[in-house]
Amino acid sequence: MKKFFLYLLPLFCFVTSVHADRGDTCDPVVQLGQQVNTLQQALSALAGQYGFELSFPVNADHSVESVEGMRLSQALKYLTSDVNTVLRHEKSAGCEMARLVSMEVLPVGEEGEYVHVKPQVQAKPKVEPVYIDNMELYAEEVLLKQRKRDNNLSPEQRKEFREVKKLVRQQLEDEGLLEPKQKKNRKNNKRKFREQAQEAY
């Protein structure tokens, strides 16, 4: 049997989902944000939207009417009423009915070419590292709480920041702009001790 394995095209990915309550999450109302005219288009769009794999024989394709507004289970039953299918379900937390994970539409007559639709996993956006030109000024602003420390510094700049921060902290403490760390720690310890003593009483 000759099969073609294709990833779901963007045409099939422009869909919207409704999750108003637990019933909609378990058996959501179908809302396709696109025009579908054939069985292959409809099942491919649903597979992409609701996360199940689809194997579809080309010779089983035919025109279909809209399933907009139907529950997912009703839509699938309606669309595949005149073809043979093999379905695989898995139990889903919080839902009475099992979740469809794969559907294979069997060929009509002689075996033919297959289209395999697999929901496309969206890649996480790449976070570009922040580059600091003036590390001394950056460390000073962070220590004085004038800006937040960036979490996506490069490893080299994180190392540079740690080294520069020690020097800048000492300079700010000498100028009276920053409370000495040891003195600050003693104050924090005294405050915690008072709070614990109050709780004990």
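The structure we're discussing is the one just above.
Values in this document were obtained by computation on a predicted structure and should not be read as measured data.

About the cut-offs
Residues numbered from 1 in each chain as written. Predicted model: local features only at pLDDT ≥ 70, side-chain atom pairs only at ≥ 80, totals over all residues. Heavy atoms only, no water. Helix = DSSP H or I, 4+ residues; strand = E, 2+ residues; numbered from the N terminus. Buried < 20%, exposed > 50% of the residue type's maximum accessible area, 1.4 Å probe, protein only. Areas by Shrake-Rupley, 256 points an atom, 1.4 Å probe, with all protein chains shown as cover. Phe/Tyr/Trp six-rings, centres within 6.5 Å; stacked < 30°, edge-to-face > 60°. Expected span 1.5 Å × (residues − 1). Polar contact = N/O pair within 3.5 Å; in protein donor to acceptor, adjacent residues only side chain to side chain. Contact = heavy atoms within 4.5 Å.

A few words on the overall build of the protein. Within the protein, the secondary structure is distributed over 6 helices and 5 strands. Along the chain direction, N to C, the helices and strands of the protein fall in the order β-α-α-β-α-β-β-β-α-α-α. When burial is assessed residue by residue, the protein has 30% of its 201 residues classed as buried. In the form shown here, the protein has an accessible surface area of approximately 14,400 Å², with 50% of it arising from carbon and sulfur atoms.

For the rest of this paragraph, the subject is unusual backbone geometry. Not every positive phi belongs to a glycine, and Lys145 is a case in point at roughly 60°. Residue classification places Lys145 among the exposed positions, given a relative accessible area of 69%.

Summed over the entire model, instances satisfying the criterion amount to 1 aromatic pair. On the numbers, 5.5 Å between centres and 65° between planes, the contact of Tyr138 with Phe161 is edge-to-face. Pair noted here: Tyr138 is in helix α4 (residues 135–143) and Phe161 is in helix α5 (residues 155–174), with a separation of 23 residues, a long-range link. Owing to a relative accessible area of 1%, Tyr138 belongs among the buried residues under this scheme.

For the rest of this paragraph, the subject is helix α2 (residues 39–50). For α2, with 12 residues, the first-to-last C-alpha span of 16 Å sits near the 16 Å given by 1.5 Å per residue. Summarising burial for α2: 10 of the 12 residues are buried, a large majority. Among the residues of α2, those classed as buried are Leu39, Gln40, Ala42, Leu43, Ser44, Ala45, Leu46, Ala47, Gln49 and Tyr50. Where α2 terminates, the next one or two residues include Gly51, which has phi positive at roughly 70°.

This brings us to the environment of Ser81. Looking at the secondary structure, you find Ser81 in the loop between α3 (72–79) and β3 (85–90). A polar atom in the side chain of Ser81 sits 3.2 Å from the backbone oxygen of Tyr78.

By secondary structure assignment, the location of Gln157 is in helix α5. A polar atom in the side chain of Gln157 sits 2.8 Å from the backbone nitrogen of Ile132. Beyond its immediate chain neighbours, meaning those up to four positions away, Gln157 contacts Val130, Tyr131, Ile132 and Met135.

Turning our attention to the side chain of Gln40. Summarising the element assignment, Gln40 is placed in helix α2. Note on Gln40: relative accessible area 18%, which makes it buried. In contact with Gln40, not counting residues within four places along its chain, are Phe56, Asp61 and Val115.

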